[in-house]
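# Breakdown of the fold
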Amino acid sequence: MKDDGYDGPAQIISGCTSLSVSVRLAGHFDAISGSYSWYGRVAADPAVADLVDGGTRTVTLRTPEGEAETPLTDVDPWGRYRVEGFGAPPFAVLTDLPDGDTR
């Protein structure tokens, strides 16, 4: 069974700038808010750091499975920026449980 998420190539689009990046994304349905919450990290890349330039920037994150707007925030010690959102994620989401799964 495939868990909800995506690990692979993506594009970050900001205005006329499009950067090829690698991302690791995950998500889950939040029953309290009634929304799908997704989050992840963009692999360290000097071009992404230049785009953010020490602050936060809202971008479009596009994968082969979809796209969504997200802020680039919270750089970690390894230079990876956090992405997150609520609602439709930029990756395919499981909508059916496999046969026999009673989660």
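Note: the structure precedes this text.
Bear in mind that the values here come from a model prediction, so they are computed numbers and not experimental data.

### Some details on the nonpolar core
In terms of nonpolar packing, the biggest core is built from 20 residues, with I12, V48 and L72 touching the most fellow members. Contributions of two or more residues to this core are made by β1 (5-14), β2 (17-30), β3 (35-42), α1 (46-52), β4 (57-63), β5 (66-72) and β6 (81-86). For this core, the element with the highest residue contribution is β2, accounting for 4 residues. Those residues in contact with L72 that lie beyond four places of it in its chain are I12, V42, V48, L51, V52, G55, T56, R57, V59, Y81, R82 and V83.

### Brief notes about the environment of P46
Structurally, P46 is set in helix α1. According to the relative accessible area criterion, P46 is exposed, its value standing at 64%. Considered as a pair, P46 and G79 are 33 residues apart in the sequence and their alpha carbons are 8.6 Å apart.

### A short note on the pairing of β2
Bridge analysis of β1 against β2 gives 10 bridges, and the strand direction is antiparallel. Note that in β2 the partner of Q11 across the bridge is S20. Linking β1 back to β2 in an antiparallel pair, the connection comprises 2 residues, with G15 at a positive phi of about 60 degrees. Pairing between β2 and β3: 8 bridges, direction antiparallel. Directly across from F29, in β3, lies its bridge partner Y36. Between the antiparallel neighbours β2 and β3 lie 4 residues, among them G34 with a positive phi of about 75 degrees.

### Topic: the pairing of β4
In the sheet, β1 pairs with β4 via 3 bridges, with the strands oriented antiparallel. Across the sheet, the residue bridging to Q11 is R62, located in β4. With 7 bridges connecting them, β4 and β5 associate as antiparallel partners. Bridged to T63 within β5 is G66.

### Concerning the sheet that holds β2
Taken together, the 6 strands give an open sheet; going across it, the order is β5-β4-β1-β2-β3-β6, and neighbouring strands pair in antiparallel fashion. Strands with a single pairing partner mark the edges of an open sheet, and in this sheet they are β5 and β6. Strand-to-strand twist of the sheet, defined as the mean angle between neighbouring strand axes without regard to direction, takes the value 35 degrees.

The rules we used
- Residues numbered from 1 in each chain as written.
- Predicted model: local features only at pLDDT ≥ 70, side-chain atom pairs only at ≥ 80, totals over all residues.
- Heavy atoms only, no water.
- Core = buried A, V, L, I, M, F, W, Y, C linked by side-chain atoms within 4.5 Å.
- Buried < 20%, exposed > 50% of the residue type's maximum accessible area, 1.4 Å probe, protein only.
- Helix = DSSP H or I, 4+ residues; strand = E, 2+ residues; numbered from the N terminus.
- Contact = heavy atoms within 4.5 Å.
- Pairing = 2+ DSSP bridges.
- Axes fitted to C-alpha atoms, helices over the stretch in contact; angles between N-to-C directions.

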